[in-house]
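Coordinate inspection notes
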Amino acid sequence: MIWVETIINGVLYGGLYGLLGVGLALIVGVMRVVNLSHGEFIVLSAFIGVSLIGVVPWLHPLALLLPVAAIAFVLGFGLQAVLINRVVTRPDPFAAILLTFGVAVVVRNLMVEVYGADPRHLQAGQLAQASAGIGGLHIGVLPLLILALSVALFTALQLLLTRTRFGRIVRATADHRDVVRLMGVNPGRVYNLVMGLSLALASVAGMLLAIRASFTPYSGVERLLIAFEVVVLGGLGTFWGAMLGGITLGVAELVGLRLDPNAGPLYAHLLFLVGVLLRPSGLFRVRA
Amino acid sequence: MTLLEVQALDAFYGDFQALFGVTLHVEAGETVALIGANGAGKTTFLKCLVGLIGSRRGEIRFGGEPIGGQPAERISRLGLSLVPEGRLLFPSLTVEENLLMGALNRRPGSWNLARVYELFPVLHERRRQWPDALSGGQQHMVAIGRALMSNPKLLLCDEISLGLAPLVIDQIYASLGRIRDEGASIVLVEQDVKRAAGAADRVYCLLKGRVTLHGSARGLGLEQLSRAYFGT
Ligand SMILES: Nc1ncnc2c1ncn2[C@@H]1O[C@H](COP(=O)(O)OP(=O)(O)O)[C@@H](O)[C@H]1O
Ligand SMILES: [Mg+2]
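Residues numbered from 1 in each chain as written. Chains lettered and ligands numbered in written order. Predicted model: local features only at pLDDT ≥ 70, side-chain atom pairs only at ≥ 80, totals over all residues. Heavy atoms only, no water.

**Structural notes on the site of ligand 1**
Residue and element names in this part refer to chain B. Convention followed: In this text, near means that some heavy atom of the residue lies within 4 Å of the molecule or strand in question. The definition of a polar contact used here is a pair of N or O atoms within 3.5 Å, where within protein one atom must be able to donate a hydrogen and the other to accept one, and adjacent residues in sequence count solely through side-chain atom pairs. Methods summary: accessible areas were calculated by the Shrake-Rupley approach with a probe of 1.4 Å, and residue burial reflects only the protein chains presented. Strands are runs of DSSP state E lasting at least two residues, helices are runs of H or I lasting at least four, and both sets are numbered from the N terminus onward. In this classification, the charged set is Asp, Glu, Lys and Arg, the nonpolar set is Ala, Val, Leu, Ile, Met, Phe, Trp, Tyr, Cys and Pro, and all remaining amino acids, among them Gly, are polar.
Lining the immediate surroundings of ligand 1 are Y13, F16, A18, A37, N38, G39, A40, G41, K42, T43 and T44. Within the side chain of N38, an N or O atom sits 3.3 Å from an oxygen atom of ligand 1. Between an oxygen atom of ligand 1 and a side-chain N or O atom of T44, the distance comes to 2.5 Å. Alone, ligand 1 offers 560 Å² of accessible surface; in the complex the protein occludes 61% of this. Listing elements by their share of the shell around ligand 1, those giving two or more residues are β2 (16–27) and α1 (42–50). Among the elements that line the shell around ligand 1, the one with the most residues is α1, at 3 residues. Of the residues that constitute the shell around ligand 1, the class distribution is 5 nonpolar, 5 polar and 1 charged.

**Thoughts on the interface of chain A and chain B**
How big an interface is tends to be expressed through the accessible area that disappears when the partners come together. Heads up, the rule is: The contact rule is simple, with two residues in contact once any of their heavy atoms fall within 4.5 Å. Here the quantity called buried area is the total loss of accessible area, with a 1.4 Å probe, experienced by two parts when brought into contact, counted for both. A pairing counts as a salt bridge when a side-chain nitrogen of Lys or Arg comes within 4 Å of a carboxyl oxygen of Asp or Glu.
On the chain B side, the residues contacting the 19 residues of chain A number 24 residues. Overall, the association of chain A and chain B removes approximately 2,000 Å² of surface from exposure, summing both partners, and the carbon and sulfur fraction of that is 61%. Its largest share of buried area at the contact with chain B, chain A owes to R181, L182 and M183 of chain A, together 34% of the area lost on that side. For the pair chain A and chain B, the number of links is 2 salt bridges. Here E97 of chain B makes a salt bridge to R171 of chain A, at a shortest N to O gap of 2.8 Å.

**As for the coordination of the magnesium ion (ligand 2)**
All names here are of chain B. Rules: For Na, K and Ca the donor cut-off is 3.2 Å; for every other metal, N, O and S atoms count as donors within 2.8 Å. Water does not enter the count, which can leave sites looking incomplete. Throughout, exposure labels follow a simple rule: accessible area from a 1.4 Å probe, protein chains only, divided by the maximum for the residue type, with under 20% read as buried, over 50% as exposed, and the rest as partly exposed.
Taken together, T43 (OG1) and E85 (OE) make up the full set of protein donors to the magnesium ion (ligand 2), lying 2.0 to 2.5 Å away. With T43 in helix α1 and E85 in the loop between β6 (80–83) and α3 (95–102), this pair connects stretches of sequence that are 42 residues apart. We classify E85 as partly exposed; its relative accessible area is 33%.

**Some details on the packing of helix α1 (residues 2–31) of chain A against helix α10 (residues 220–234) of chain A**
Residues and elements named next belong to chain A. For clarity, the cut-off: For helices, the fitted line uses only the C-alpha atoms of the stretch in contact; every axis is such a line through C-alpha atoms, and the angle between N-to-C directions lies from 0 to 180 degrees. Working rule for angles: under 35 degrees goes down as roughly parallel, over 145 as roughly antiparallel, 65 to 115 as roughly perpendicular, anything else as oblique.
In contact at an axis separation of 8 Å, α1 and α10 are set at 75° when each is read in the N-to-C sense. The angle between α1 and α10 falls in the class roughly perpendicular. Contacts from Y17, G18, L20, G21, L24 and A25 in α1 reach R223, L224, I226, A227, F228, V230 and V231 in α10. Residues belonging to the contact of α1 with α10 are distributed by class as follows: 10 nonpolar, 2 polar and 1 charged.

**Examining α1 of chain B**
Residue and element names in this part refer to chain B. Within α1, 7 of the 9 residues are buried, leaving the element largely enclosed by the surrounding structure. Along α1, the positions that sit buried rather than exposed are K42, T44, F45, L46, C48, L49 and V50. Downstream of α1 by one or two residues, G51 has phi in the positive range, about 90°.

**Here's the deal with α10 of chain A**
All names here are of chain A. The condition is simple: By this rule, a helix spans an expected 1.5 Å times one less than how many residues it contains.
In this model, α10 (15 residues) spans 21 Å end to end at C-alpha, consistent with the 21 Å of a helix rising 1.5 Å per residue. Burial of α10 is extensive: 11 of the 15 residues sit out of reach of the surface. Buried within α10 are the following residues: G220, R223, L224, I226, A227, E229, V230, V231, V232, L233 and G234. Looking at the buried residues of α10, the elements they touch are α1, α2 (38–55), α9 (187–212), α11 (239–259) and α12 (266–278). Directly after α10, the chain includes G235, whose backbone phi takes a positive value near 100°.

**Details of the confidence of the model for chain A**
Rule in force here: Note: pLDDT gives the predictor's confidence per residue, expressed from 0 to 100.
Put simply, chain A has an average pLDDT of 90, and 97% of its residues get 70 or more. Mean pLDDT values over the elements of chain A span from 79, in helix α5 (residues 126–129) of chain A, up to 97, in helix α3 (residues 65–87) of chain A.

**Examining the nonpolar core**
Operational definition: The definition of a nonpolar core used throughout is a set of buried Ala, Val, Leu, Ile, Met, Phe, Trp, Tyr and Cys residues joined through side-chain atoms within 4.5 Å.
In terms of nonpolar packing, the biggest core is built from 90 residues, with L19, L20, M31 and V194 of chain A together with F90 and M101 of chain B touching the most fellow members. Ranked by the residues each element gives to this core, the list is headed by α9 of chain A, at 15 residues.

**Regarding the environment of Q224 of chain B**
Within the secondary structure, Q224 of chain B sits in helix α9 (residues 222–230). The spacing of Q224 of chain B and L213 of chain B is 11 residues in sequence and 8.7 Å in space, taken between C-alpha atoms.

**Some words on the pairing of strand β8 (residues 185–190) of chain B**
Residue and element names in this part refer to chain B. How we decide: Any two strands with at least two DSSP-identified bridges between them are counted as paired.
When you tally the buried positions in β8, you get 6 out of 6 residues, the bulk of the element. Burial along β8 is two-sided: S185, V187 and V189 facing one way and I186, L188 and E190 facing the other are all buried. In the sheet, strand β3 (residues 31–35) pairs with β8 via 5 bridges, with the strands oriented parallel. Bridge assignment links V32 to a residue of β8, and that residue is V187.

Shown next as structure tokens:
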């Protein structure tokens, strides 16, 4: 019974990992850049959440998801417009990757400067402990909520990209950056919006993670690692693949923790390694 | 009325100069062929017109307005539309979505989705498919349709017969007649001298980045053209 619970909780938690990865997948898919500062912005969103809670302590952290996502959107838009667009058109892809690495270092040190290095935590009150008994199983309410939110965001992203004019422009820009200019589209503006969207999604994941576990300004590396593994496992640039990749890692991590409470995310990383060795193009690769 | 006027155009890729003082004009309603061997600079010339080559010198006027220094996003709104070499369709978009991309900076005019499907009925059947699933000729039709959706005053076609069977080329060229009847002027870039000269009012021949010959398509002999083409 405890194993069934572990696996179910792993699936629920994995939705969050999927959410960590999908923003990264979006950037890889649209501008062929691996954003090495993705993890730092995930952590920064949680710190912004902490700051906002300080201003309005009576609000539940979940009520702050929207404002934090809006702030993250603006940060992403600005980051792209001011910095990354300068190098993204260079033929050498390393310029953009190195730049995002520099941004990661700066953001990390700014967080240490402003918030200090002590571990922080977002308090979700009773919701964090609440569990629903379903057929003798104890399923956490918060993980259920997290999975539902992740699925909803994935679905919304999918619809945005496949059914709207904006989505069409994003896909076309990803295909041929120069050709869309002939249709009056400024690729840089598209990138700004996509980076905003990417960091907004990441910020939701960052807030939810911060409710579940404590974090410091140095947690970004671990977040980026998970996001990266999710993207690669899922098959680069596929969104539902990222979701399934996240769930796979979530289950592996929780099962691993059951087996060995000191393992941390070791089993998730091992599974990633095995997955990449067996299927280098991703476990869930489908036509993009 | 002169629609397009190019004076002494030079173009560069880094240190390499691809065009040398190219001068050319297109009157409203006219079809002009630009012929030349591989590497002559034809594609470079078209890219200069639409603003995709930053390193250019000389004057380009479109409808009287100087467009030489403007970015591609701006130029595209003035009624200049390119069917790029190799088609460059968007593989992540369906056929219909590809066409709709062309309508983003739509000017008033007679071309729309229904009219493009009327011009190329096969595209209507295939509108929900990915471009990779189409034959080469059908992909060219999508590229032409996409360029038409903005209702251009001047349609630039870069080697729209490349790699196609003769029967398919006939079909594509027949559609050019319909496009011209709707009022668009056309610049036709080709390596196939006979085909292009047959469809055009006037011909320019480009050799190693320089215009070596120009004149009325009827007036120039085939021998004269091929001398200018090969530079012998
Ligand atoms: N992106 C580029 N970088 C450097 N040189 C180029 C580039 N594109 C074309 N060239 C060079 O410019 C010249 C003209 O090329 P192009 O305009 O493509 O000729 P055409 O279309 O007539 O075949 C050729 O010598 C070609 O090698
Ligand atoms: Mg060419």
